[in-house]
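Analysis of the macromolecular model
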Amino acid sequence: MSKYVKPVISLDEGMAEGVYAASGSNGCYTADAYIHQTPETGRRDYRIQVNGKHSADHTKEAQVLTISFNQNVTYVSGGAGLISGNETTTLKVKLAYHQNPTDNIGFGDLVVTSDAGLAITGVSITD
């Protein structure tokens, strides 16, 4: 059983929209994600930071990121490619990290498009 780590959120009054975060644990990974770049004038893309902690006694070469939202999203890029869920509220994204038993995953290049008000409602990483 892994220990839940609550994400820390800070407010920046300069943001056009709020930054939304979600976290979760599934098996041997603890994961969190937050929107670190919201759309600018004329753009509808959101850039998302995903962090994971592998806490196990095995090594893996591939993982699956499952990330859920409050509204439909279109996958643009990030990870090693989309598995499923384009234009739905839940994406499954292939990851290809070599994971030793206690390694971290961190990437900030998951890009999706959506309407205004996007929020992350859940995130997990599995192997």
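Just so it is clear, the model here is predicted, and its values are computed rather than measured. (Residues numbered from 1 in each chain as written. Predicted model: local features only at pLDDT ≥ 70, side-chain atom pairs only at ≥ 80, totals over all residues. Heavy atoms only, no water.)

Turning next to the overall build of the protein. Counting its regular elements, the protein contains zero helices and eight strands. Reading the secondary structure of the protein in the N-to-C direction produces β-β-β-β-β-β-β-β. Total accessible area on the protein stands at roughly 6,900 Å², and carbon and sulfur atoms take up 49% of it. (Helix = DSSP H or I, 4+ residues; strand = E, 2+ residues; numbered from the N terminus. Areas by Shrake-Rupley, 256 points an atom, 1.4 Å probe, with all protein chains shown as cover.)

Turning to unusual backbone geometry, a few remarks are in order. Of note in the backbone geometry, E87 takes a positive phi value of approximately 65 degrees without being a glycine. Inspection of the secondary structure assignment puts E87 in the loop between strand 5 (81-84) and strand 6 (88-95). Given the relative accessible area of 53%, E87 is considered exposed. (Buried < 20%, exposed > 50% of the residue type's maximum accessible area, 1.4 Å probe, protein only.)

This next bit is on the pairing of strand 8 (residues 120-126). The element strand 8 is largely enclosed, with a buried count of five among its seven residues. As judged from the six bridges shared by strand 4 (residues 63-77) and strand 8, these two strands associate in the antiparallel manner. The residue bridging F69 from the neighbouring strand is I120, located in strand 8. (Pairing = 2+ DSSP bridges.)

A few words now on the pattern of salt bridges. In this structure the tally under the stated criterion is one salt bridge. With a shortest N-O distance of 3.5 Å, D45 and R47 are connected by a salt bridge. (Salt bridge = Lys/Arg side-chain N within 4 Å of Asp/Glu carboxyl O.)

Attention now moves to the environment of Q49. Summarising the element assignment, Q49 is placed in strand 3 (residues 45-54). The exposure class assigned to Q49 is buried, which follows from its relative accessible area of 17%. For the pair formed by Q49 and Y34, sequence separation is 15 residues and the distance between their alpha carbons is 5.5 Å. The contact partners of Q49, leaving out residues within four places of it in the chain, are D32, A33, Y34, H36, G106, F107 and G108. At 3.4 Å, the side chain of Q49 forms a polar contact with the backbone oxygen of F107. (Contact = heavy atoms within 4.5 Å. Polar contact = N/O pair within 3.5 Å; in protein donor to acceptor, adjacent residues only side chain to side chain.)

Moving on, we get to the confidence of the model for the protein. Summarising the model, the protein shows a mean pLDDT of 83, and 80% of its residues fall at 70 or more. Note on residues 8-20: pLDDT is under 50 here. Beyond four places in sequence and across chains, it has 15 contacts. (pLDDT = per-residue confidence, 0-100.)

Turning our eyes to something else, we now look at the nonpolar core. In this structure, I48, L65, I67 and L110 are the most contacted members of the largest nonpolar core, which totals 24 residues. It is strand 4 that provides the largest number of residues to this core, a total of five residues. What L110 contacts, discounting residues up to four positions off in sequence, is Y46, R47, I48, V50, L65, I67, Y75, S77, G78 and V93. (Core = buried A, V, L, I, M, F, W, Y, C linked by side-chain atoms within 4.5 Å.)

Within the secondary structure, V73 is located in strand 4. Residue class for V73 comes out buried when judged on its relative accessible area of 1%. The sequence separation of V73 and E87 amounts to 14 residues, and the corresponding C-alpha distance is 5.0 Å. Those residues in contact with V73 that lie beyond four places of it in its chain are G85, N86, E87, T88, L91, V112, T113, S114 and L118.

Let's shift gears to the environment of E87. For E87 and Q71, which are 16 residues apart along the polypeptide, the C-alpha to C-alpha distance reads 9.1 Å. Once residues lying within four places of it in the same chain are set aside, the contact partners of E87 are N72, V73 and T74.

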